[in-house]
Amino acid sequence: MPTDPLIPAGRLPGAFTTPGSSSFVDFLAQHAPDLLPGRRTPLPVGDVSPGASAPHATTIVALSFTGGVVMAGDRRATMGSQIASRDIEKVFPADDYSAVGIAGTAGLAVELVRLFQLELEHYEKIEGTLLSLDGKANRLATMIRGNLGLALQGLAVVPLFAGYDLDRGAGRIFSYDVTGGRYEEHQHHSVGSGSVFARGSLKKLWRPGLDAADAVRVAVEALVDAADDDSATGGPDTSRRIWPVVATVTAAGYLRVPQDDLGEVVARVLADRAEQHARARAEEEPTR
């Protein structure tokens, strides 16, 4: 906040003590709009889109299981044809009972997630209660809509949101478009450059009655399938021991799956696939 010479040292400006909206984004838009991601000075227009030189994050998957949802993201960020990062994190807790995964321009996406986390925390402090899951999804849609100007310059952010609905007692998944359109998905969904391949995998592997452990395996397999066909999606890196970020959200809250547990899941998935490839090669060899 800018310094006001009329305010005594050590005292908060009146804006901080005046009753108003329970939305921190609305408060920021009124008193310091330049701090919002979508209110930045427009980028210069040249022969190359501004988004071409910014790291991009992909791919995110989410699926429901009995008692909650799983969200997972690969760890690769790309900048054009180059790998900008091998261990970026794309799945974050939005609050105790929800998760958000980022796809699109990495820097803006992470900033949007941090602002969204603060928005939910601010609401809880002001109102003394948690915002409903539908309310959280709507707040995120409004924030994405505020970033439309930058999205039109190639700096798009398209998150995936999921959480445990305390009222319904079930996990729910929400997707968005760059204009802030909000859509509830059922069973499973994926966003990012590898989403086409991940969705195909999810359709084959998802089934009713999955438990948390089975759902984690399905999520990992979907990311492995996406990495097989999409160069921007990073598969499990066994030499560096870099695994996807995977989290479950249930009535017990947000829980990130430990790296050791993920290492075991990845090992089983890769071993099963190696065995399948070996059988396929054996069948292709001519009989002697």
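Everything in this summary refers to the structure shown in the same document. (Residues numbered from 1 in each chain as written. Predicted model: local features only at pLDDT ≥ 70, side-chain atom pairs only at ≥ 80, totals over all residues. Heavy atoms only, no water.)

Considerations on the overall build of the protein
Stage number 1. Each helix and strand in the protein was counted, giving 7 helices and 14 strands.
Stage number 2. Every one of the 288 residues in the protein was classed for burial, and the buried ones make up 46%.
Stage number 3. In the protein, once contacts between residues fewer than 6 apart in sequence are set aside, the share between residues at least 24 apart is 64%.
Stage number 4. On the protein, roughly 14,900 Å² of surface is accessible, and the fraction owed to carbon and sulfur atoms is 52%. (Helix = DSSP H or I, 4+ residues; strand = E, 2+ residues; numbered from the N terminus. Buried < 20%, exposed > 50% of the residue type's maximum accessible area, 1.4 Å probe, protein only. Contact = heavy atoms within 4.5 Å. Areas by Shrake-Rupley, 256 points an atom, 1.4 Å probe, with all protein chains shown as cover.)

Quick look at the environment of Tyr97
Stage number 1. Mapped onto the secondary structure, Tyr97 falls in the loop between β6 (91–95) and β7 (98–101).
Stage number 2. What Tyr97 contacts, discounting residues up to four positions off in sequence, is Leu130, Lys136, Gly163, Tyr164, Leu166, Val249, Thr250, Ala251, Ala252 and Gly253.

Focus: the pattern of salt bridges
Stage number 1. Here the structure, examined in full by the defined rule, presents 17 salt bridges.
Stage number 2. Note that Asp74 and Lys90 form a salt bridge whose closest N and O atoms lie 2.6 Å from each other. Of this pair, Asp74 sits in the loop between β3 (68–73) and β4 (77–79) while Lys90 sits in the loop between β5 (82–85) and β6, placing them 16 residues apart in sequence.
Stage number 3. Asp74 gets classed as buried once you look at its relative accessible area, which sits at 1%.
Stage number 4. Several salt bridges share partner residues, and in doing so they unite Asp134, Asp165, Arg168, Arg172, Arg182 and Glu184 into one network. (Salt bridge = Lys/Arg side-chain N within 4 Å of Asp/Glu carboxyl O.)

A word on the side chain of Thr78
Stage number 1. Structurally, the position occupied by Thr78 is in strand β4.
Stage number 2. Residue classification places Thr78 among the buried positions, given a relative accessible area of 13%.
Stage number 3. In contact with Thr78, other than residues within four places in its own chain, are Ala54, Pro55, His56, Ile83, Ala84 and Ala232.

Things to note about the sheet that holds β4
Stage number 1. Here 4 strands make up an open sheet; going across it, the order is β5-β4-β1-β8 and the pairing antiparallel. Looking at which strands have only one partner, the edges of the open sheet turn out to be β5 and β8 (104–105). (Pairing = 2+ DSSP bridges.)

Observations regarding the packing of helix α2 (residues 106–127) against helix α3 (residues 133–145)
Two measures define how a pair of helices packs: the angle their axes make with one another and the distance between the axes.
Stage number 1. As a packed pair, α2 and α3 sit with axes 11 Å apart at the nearest point and diverge in direction by 135°. As the angle between them shows, α2 and α3 are arranged oblique. Helix-helix and strand crossings are classified by hand; for α2 and α3 the assignment is right-handed. Residues Leu112, Leu115, Phe116, Glu119, Leu120 and Tyr123 of α2 form the contact with α3, whose own contacting residues are Lys136, Arg139, Leu140, Met143 and Ile144.
Stage number 2. Looking at side-chain class alone, the contact of α2 with α3 contains 8 nonpolar, no polar and 3 charged residues. (Axes fitted to C-alpha atoms, helices over the stretch in contact; angles between N-to-C directions. Parallel < 35°, antiparallel > 145°, perpendicular 65-115°, else oblique. Left-handed = near helix turned anticlockwise from the far one by under 90°. Nonpolar A, V, L, I, M, F, W, Y, C, P; charged D, E, K, R; others polar.)

Re helix α7 (residues 259–284)
Stage number 1. An ideal rise of 1.5 Å per residue puts 38 Å on 26 residues; α7 measures up with 37 Å between its terminal C-alpha atoms.
Stage number 2. What α7 keeps buried is the set Leu262, Gly263, Val265, Val266, Val269 and Arg273.
Stage number 3. Where α7 is buried, its residues contact α6 (212–229) and β13 (245–250). (Expected span 1.5 Å × (residues − 1).)

Focus: α2
Stage number 1. Here α2 is 22 residues long and its end C-alpha atoms lie 32 Å apart, about the 32 Å a rise of 1.5 Å per residue gives.
Stage number 2. Among the residues of α2, those classed as buried are Ala106, Leu108, Ala109, Val110, Leu112, Val113, Leu115, Phe116, Glu119, Leu120 and Tyr123.

Here's the deal with the sheet that holds strand β12 (residues 188–191)
Strands pair in a sheet through their backbones, by hydrogen bonds, and they do so in one of two ways: parallel or antiparallel.
Stage number 1. Strands sit in the order β12-β2-β3-β13-β14 across an open sheet of 5 strands; the sheet is antiparallel. Each edge of the open sheet carries a strand with a single partner, namely β12 and β14 (253–256). On average, adjacent strands in this sheet sit at an angle of 15° to one another, irrespective of strand direction.
Stage number 2. Two strands pair when backbone bridges link them, and β3 and β13 are joined in this way by 6 bridges, in the antiparallel orientation. Each bridged residue has a counterpart across the sheet, and for Ala72 the counterpart in β13 is Val246.
Stage number 3. Along the sheet face, helix α5 (residues 195–205) touches β2 (60–65) and β12 and points at about 165° away from the line of β12.
Stage number 4. Relative to β2, α6 is tilted by about 155°, and along the sheet it contacts β2, β3 and β13.

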